[in-house]
Amino acid sequence: MNCPPLRAVQGGFTLVEVLVALGIVAIALMAGLQATSALTQNAQRQSDVLLAHLCAENELVKTRLSRQMPAIGDSTQPCEQAGRRFEVSIIVRPTPNPSFRRVDAQVLDGTAPVLRLSTIVGRR
């Protein structure tokens, strides 16, 4: 009996299987990229808030250490921290008790607010 020769069975992946695997890998890489981007943005935001906090605290300490009550009104001071330039808006408002004033320090990065701190200053 004469049998036809057996063909060797070829192993491997089909084109569809390869494309599905590439699609899954691409989706996983995109998710990782988005997570990395979110972490980077969060780290930048924390850095901005820390530097803005230093600017605001400096202005509020200057107000507390001065020998006179701050004048009611608004003013703006530049502040540079770690090579970053911020603007600090000092807002002084009266309180129901004339012996005290409320002082707000709002730190801006350009036009975007970063942080706002408040304190009460009394007569000495």
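Reading the values: rules and limits
- Residues numbered from 1 in each chain as written.
- Predicted model: local features only at pLDDT ≥ 70, side-chain atom pairs only at ≥ 80, totals over all residues.
- Heavy atoms only, no water.
- Salt bridge = Lys/Arg side-chain N within 4 Å of Asp/Glu carboxyl O.
- Helix = DSSP H or I, 4+ residues; strand = E, 2+ residues; numbered from the N terminus.
- Buried < 20%, exposed > 50% of the residue type's maximum accessible area, 1.4 Å probe, protein only.
- Pairing = 2+ DSSP bridges.
- Axes fitted to C-alpha atoms, helices over the stretch in contact; angles between N-to-C directions.
- Contact = heavy atoms within 4.5 Å.
- Disulfide = S-S within 2.5 Å.

Some thoughts on the pattern of salt bridges
Under the counting rule described, the total for this entry stands at six salt bridges. Between Arg93 and Asp74 there is a salt bridge, with the nearest N and O atoms lying 3.1 Å from each other. Of this pair, Arg93 sits in strand 2 (residues 84–94) while Asp74 is found in strand 1 (residues 73–81), placing the two residues 19 residues apart along the sequence. For Asp74, a relative accessible area of 56% corresponds to the exposed category. In this structure, a network of salt bridges that share partners links the residues Asp48, Arg84 and Asp109.

Details of the pairing of strand 2
The pairing of strand 1 with strand 2 spans nine bridges and is antiparallel. Bridge pairing links Gln77 to Val88 in strand 2. In sequence, strand 1 turns back onto strand 2 through a hairpin of two residues, with Ala82 there showing a positive phi of about 55°. The sheet contact formed by strand 2 and strand 3 (residues 100–109) spans eight bridges and is antiparallel.

Brief notes about the environment of Val121
Residue position: Val121 is located in strand 4 (residues 112–122). Separated by 53 residues in the primary sequence, Val121 and Gln68 place their C-alpha atoms 9.7 Å from one another.

Overview of the sheet that holds strand 4
Ordered in space as 1-2-3-4, the four strands form an open sheet in which the pairing is antiparallel. Two strands bound the open sheet, and with one partner strand each, they are strand 1 and strand 4. For this sheet the average axis-to-axis angle between neighbouring strands, irrespective of direction, equals 20°. Contacting strand 1, strand 2, strand 3 and strand 4, helix 1 (residues 15–65) crosses the sheet at an angle of about 25° to strand 4.

Let's talk about the side chain of Thr119
Residue placement: Thr119 occurs in strand 4. Residue class for Thr119 comes out buried when judged on its relative accessible area of 15%. Leaving out residues up to four positions away in the same chain, Thr119 has contacts with Leu60, Arg64, Arg101, Arg102 and Val103.

Describing the state of the cysteines
With the rule as written, the count across this model stands at one disulfide. In this model, Cys55 is linked to Cys79 through a disulfide, with the two sulfur atoms separated by 2.1 Å. Across the S-S bond of Cys55 and Cys79 the torsion is about -85°, and the bridge reads as left-handed. Here the residue Cys55 occupies a position in helix 1, and Cys79 occupies one in strand 1, the gap between them amounting to 24 residues.

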